[in-house]
Amino acid sequence: MLQHPIVLLVQNIESLYPKEIQKHFSIIKKQRSEKLYKLIAQAKNDEQLEKTLLFRKLFGKAYTEKNDYLWRNEIRLLKEELESFLIQKEHEFISKNNEAYNQWLLVQAYDKMKYLQGITEKYESLVNEKHEYASYHYALDAQFILLQNLQHITPDVTKRMEAYPKYIETWKELLKDSFAVDSARINLSIAQFNWLCNAHQTEIVTPALDDYFTGKLNENNLSVFFNNFGKSYYPELELKLASFDKAIKAIEIVTQKNALYNEHSIIIQMALGKELSSNGHFAKAHEILSKIKPTIDKDFAKHRTVFYVNYVTNLVKNKMFKEALYVLEHEFTTDNQLYKNMLLQSRLLCYLYLKDIDNLSTYISFDLDTAPFPQNYMLKVIKSAYFYLLQEYDTALSIINSLIQPKFADGIMKFYNPITLLYKKLYTITQKNVLQKNWSEKDVQALQTMIIDFEATCDPEIKLVSIYTWLKIEIEINIAKKQA
């Protein structure tokens with residue numbers, strides 16, 4: 001039963017609406033469905049989710065193939081009840097956050113009543129405020145209903161014929177607006193697909209839809225948002241930032257009236273913060289990420305993990321080490337192993353920059369080698385630096401040499417391989433000169449040349465990663481010390 005759809009559904013509902021679902025069951029009075037829900041929701045291990053055990057607790061008798069129909073029927077009833085609950089919750093959420101949805105519902109209700117004045121009033125409201133609420137689809141549907149009732153709204157045939165051209169023109173505009181939004185959404189997905197192909201070095205390029213429809217579509221706040229969000233995946237930084245700016249301004253107009261798009265606004269600001277951080281604008285990234293942090297915590301729990309990983313990473317890049325450690329100690333943790341390793345990396349980098357040997361020792365004792373690739377690569381680099389700070393150069397070199405092998409030289413990791421060689425060079429020269437008052441000019445020149453060559457040929461983003469900036473600072477400090 002562990003991966004049964006009903007188990008996954010119950011677990012998700014329990015995590016999001018624990019109080020609301022209990023209130024729902026107390027109202028509907030379906031005791032067996034409630035009991036099955038609680039048995040699944042409160043299960044503490046896989047054994048408690050065994051089908052035969054659940055059946056016995058639910059029906060008071062042993063499970064057999066012959067009475068399996070009881071089980072299937074109860075699963076069906078519970079699923080129907082949970083889906084009914086979710087429909088109710090979604091309706092409440094949309095109704096609370098988007099007045100255009102309520103206007104559209106009233107059009108449906110007024111149509112059934114044939115309350116003609118109400119249909120006209122709500123239709124006009126939807127059309128007049130279509131841009132503020134991004135209610136193009138609702139307005140379009142409302143117009144269908146209005147035109148179906150036009151013979152009753154305007155009984156005079158002559159006047160009705162005079163009204164049609166105006167409605168048809170509005171219809172065309174609404175259709176263009178609706179189609180522009182939908183095609184812009186597709187453009188965003190195309191841009192994300194092209195970005196993934198490029199990141200994985202696959203030469204597949206899918207053209208955006210606007211190549212086919214240029215000049216035929218309306219431009220509105222949502223189409224501007226989605227199209228420019230898509231352009232933010234293009235490689236040129238200047239175009240990226242300009243696209244982010246246009247998209248954020250467009251979506252902010254919509255969110256003033258339609259809170260359903262608050263999540264879109266948060267997602268693109270998270271993306272902008274990550275982009276700025278990747279390109280060295282750490283202070284600006286911190287400003288943007290700090291601004292949306294309270295909203296993430298309050299309203300968008302599902303985005304907290306990705307947000308905090310990027311937030312902490314940028315704090316480290318911005319040399320805000322104490323702030324990053326405070327967040328890790330007091331504000332965020334995760335059980336996701338991938339992100340757990342990324343946060344551990346940030347923690348270790350903080351201690352490395354602060355040269356906090358004691359705390360490094362505490363966390364280095366974890367078995368970093370068990371982390372999946374490429375996290376284990378980064379963690380091993382930091383581990384080698386820890387032994388370097390302890391002046392255990394043989395151990396530091398042994399760890400760094402283990403990373404100079406073919407499996408770490410493919411794909412994106414090939415960009416990090418020169419950093420590994422720089423670490424090895426630093427350790428070798430430091431060990432060689434440990435008893436000398438000054439490093440030889442030849443050794444100093446060798447390190448300086450390696451840094452110059454690396455920065456001249458590497459991807460600009462690689463120069464900004466923390467394991468490299470720490471290394472560069474360490475080399476510069478040692479060179480200055482040895483040359484003094």
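Quick look at the structure, then. (Residues numbered from 1 in each chain as written. Predicted model: local features only at pLDDT ≥ 70, side-chain atom pairs only at ≥ 80, totals over all residues. Heavy atoms only, no water.)

Here we look at the overall build of the protein
Helix and strand counts for the protein come out as 25 helices and zero strands. In terms of overall size, the protein is more extended than a compact globule, its C-alpha atoms giving a radius of gyration of 30 Å where 484 residues would be expected to give roughly 23 Å. A total of 484 residues make up the protein; the buried ones form 44% of that total. Of the roughly 26400 Å² of accessible surface on the protein, 54% is carried by carbon and sulfur atoms. (Helix = DSSP H or I, 4+ residues; strand = E, 2+ residues; numbered from the N terminus. Rg over C-alpha atoms; globule rule 2.2 N^0.38 Å. Buried < 20%, exposed > 50% of the residue type's maximum accessible area, 1.4 Å probe, protein only. Areas by Shrake-Rupley, 256 points an atom, 1.4 Å probe, with all protein chains shown as cover.)

Considerations on the pattern of salt bridges
Tallied over the full model, the rule gives 23 salt bridges. We note a salt bridge from K172 to E169, for which the minimum N-O separation is 3.4 Å. One end of the pair is K172 and the other is E169, both in helix α11 (residues 157–199) and three residues apart, which spans about a single turn. A salt bridge links D443 to K432; its shortest N-O distance comes to 3.3 Å. Here K432 lies in helix α23 (residues 417–432) and D443 lies in helix α24 (residues 441–457), a separation of 11 residues in the sequence. K432 gets classed as exposed once you look at its relative accessible area, which sits at 54%. Ionic contacts of the salt-bridge type, sharing partners, join the residues K51, D68 and R72 into one network. (Salt bridge = Lys/Arg side-chain N within 4 Å of Asp/Glu carboxyl O.)

A look at the packing of helix α21 (residues 375–389) against α23
Relative orientation of the contacting elements α21 and α23 amounts to 10°, with a least axis distance of 11 Å. Here α23 runs roughly parallel to α21, going by the angle between their axes. When α21 is examined against α23, the residues Y377, V381, S384, A385 and Y388 are found in contact with a partner set consisting of N417, T420, Y423, L426, Y427 and T430. Of the residues that constitute the contact of α21 with α23, the class distribution is seven nonpolar, four polar and no charged. (Axes fitted to C-alpha atoms, helices over the stretch in contact; angles between N-to-C directions. Parallel < 35°, antiparallel > 145°, perpendicular 65-115°, else oblique. Contact = heavy atoms within 4.5 Å. Nonpolar A, V, L, I, M, F, W, Y, C, P; charged D, E, K, R; others polar.)

Section: unusual backbone geometry
Even without a glycine there, the phi angle at K29 is positive, about 60°. One can find K29 in the loop between α2 (18–28) and α3 (31–41). Under the relative-accessibility criterion, K29 is labelled exposed at 65%. Its identity is not glycine, yet Q391 carries a phi of approximately 65°, on the positive side. Topologically, Q391 is positioned in the loop between α21 and α22 (393–402). Take Q391: its relative accessible area is 55%, and that puts it in the exposed class.

Re the packing of helix α1 (residues 5–16) against α3
Axis separation between α1 and α3 bottoms out at 9 Å; the angle between their running directions is 80°. The orientation of α1 with respect to α3, classified from their angle, is roughly perpendicular. Here I6, V7, V10, I13 and E14 of α1 lie close against α3, whose contacting residues are Y37, I40 and A41. In the contact of α1 with α3, the residues fall into seven nonpolar, no polar and one charged.

With respect to α2
If you check which residues of α2 are buried, you get I21, H24 and F25. Down the axis of α2, the buried set is contained in an arc of 95°. They therefore lie on one face. The exposed set on the far side of α2, more than 90 degrees from its buried face, consists of K19, K23 and I27. Packed against the buried residues of α2 are α1, α3 and α5 (68–97). (Arc of directions from axis to C-beta.)

That's the geometry; what it means functionally is another story.
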